[in-house]
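Geometric and topological summary
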Amino acid sequence: MVFLLSSFPLAAPAETLIASLAGDGTVLARADVPEGAGWCILWRHSVQGFEVADCYLNRTGQMVLHRAHLPDFAAGLDHIPGRGVQRSDGAGGYWIEALDEPVPGNTYILRPGSMEVNHRISIGGNVISLSAMAAHQRVRMALEPDGN
């Protein structure tokens, strides 16, 4: 089953975020992502159990890691000086903002964990579990040009 995420109202052409199985290309989810819009990959840390987020933007057709959220300094997760700007989230955790790191080739491989970890895509108010569809499998996350 492919999940079509109705992400944003489209006034202009958009790229398409596609989550697919790396082995055979089976599409798990797809969403239109207009210029300047973004999405997050959410999961629960496997040791501490808190939610972590990596958030991306479509910047003129380039997938860019924009910011990350970590609710704690536990389990070795930390900010690396010179890589983005660390800001408090007001609840004991922090955002690393302004990472602005282009993702080479507009694609990367994610191996979703079990449902205990629950890797998810959050986009435009919709959340879909990659772990529910492809736990422990290689999932290709790609931002592709309009029409693909």
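The preceding data block contains the structure.
In what follows, the accompanying structure is described.

Each value, and the rule that gives it
- Here the residue index of a chain counts from 1 through its sequence in written order.
- The model is predicted, so local features are restricted to residues of pLDDT at least 70 and side-chain atom pairs to those at 80 or more, both for listing and for counting; the totals for chains, interfaces and linings are taken over all residues.
- With hydrogens and water excluded, all non-hydrogen atoms of the structure serve as input to the side-chain values.
- Residues belong to one nonpolar core when they are buried, are Ala, Val, Leu, Ile, Met, Phe, Trp, Tyr or Cys, and are joined through side-chain atoms within 4.5 Å.
- The rule is simple: take the accessible area with a 1.4 Å probe, protein chains only, and divide by the maximum for that residue type; under 20% is buried, over 50% is exposed, in between is partly exposed.
- By the convention used here, residues are in contact when the closest approach between their heavy atoms is within 4.5 Å.
- Geometry of aromatic contacts follows a simple scheme: Phe, Tyr and Trp rings, the Trp one being its six-membered ring, pair when their centres are within 6.5 Å, and the pair is stacked under 30 degrees between planes, edge-to-face over 60, tilted otherwise.
- Runs of E in the DSSP output that reach at least two residues are strands. Runs of H or I that reach at least four are helices, and both are numbered from the N terminus.
- Criterion for a charge above a ring: Arg CZ or Lys NZ at most 6 Å from the ring centre, at most 35 degrees from the ring normal.
- A pair of cysteine sulfur atoms is labelled a disulfide when the two atoms are within 2.5 Å.
- Think of a salt bridge as a Lys or Arg side-chain nitrogen and an Asp or Glu carboxyl oxygen that are within 4 Å of each other.

Residues Trp39, Ile41, Tyr56, Tyr108, Ile121 and Met141 are the most contacted members of the largest nonpolar core, which totals 33 residues. When near neighbours in sequence (up to four residues on either side) are disregarded, Trp39 contacts Leu17, Val33, Asp54, Cys55, Tyr56, Leu57, Asn58, Met63, Ser122, Ile123 and Leu143. Judged by nonpolar contacts, the second largest core, of five residues, contains Cys40, Leu42, Ala53 and Trp95.

With that out of the way, let us pick up the packing of aromatic side chains. One pass over the full model with this rule turns up two aromatic pairs. For the pair Tyr56 and Tyr108, a centre-to-centre distance of 5.6 Å together with 20° between the ring planes defines the contact as stacked. With Tyr56 in strand S5 (residues 51–59) and Tyr108 in strand S10 (residues 107–110), the pair connects residues that are 52 residues apart, well separated along the chain. Among the aromatic residues, those joined into a ring-pair cluster are Trp39, Tyr56 and Tyr108. If you follow Arg67 out to its NZ or CZ, it ends over the ring of Trp95, 3.7 Å from the centre.

Going through the model one piece at a time under the given rule, you end up with one disulfide. Residue Cys40 pairs covalently with Cys55 via a disulfide, S to S 2.0 Å. Looking along the S-S bond of the Cys40-Cys55 disulfide, the torsion reads about 100°, which is the right-handed sense. Here Cys55 lies in strand S5 and Cys40 lies in strand S4 (residues 38–44), a separation of 15 residues in the sequence. Cys55 shares its class with Cys40; the two are buried.

Turning to the pattern of salt bridges, a few remarks are in order. Tallied over the entire structure, the rule returns five salt bridges. Between Arg67 and Glu97 there is a salt bridge whose closest N-O contact spans 3.4 Å. In this pair, Arg67 is assigned in strand S6 (residues 62–70) and Glu97 in strand S8 (residues 94–97), connecting sequence segments 30 residues apart. Taking the relative accessible area as the measure of exposure, Arg67 reaches 26% and is therefore partly exposed. Of the charged contacts in the structure, one is a salt bridge between Arg140 and Glu144, with a shortest N-O distance of 3.0 Å. Judged by relative accessible area, which is 29%, Arg140 ranks as partly exposed. Salt bridges sharing partners connect three or more residues here, namely Arg67, Arg87 and Glu97.

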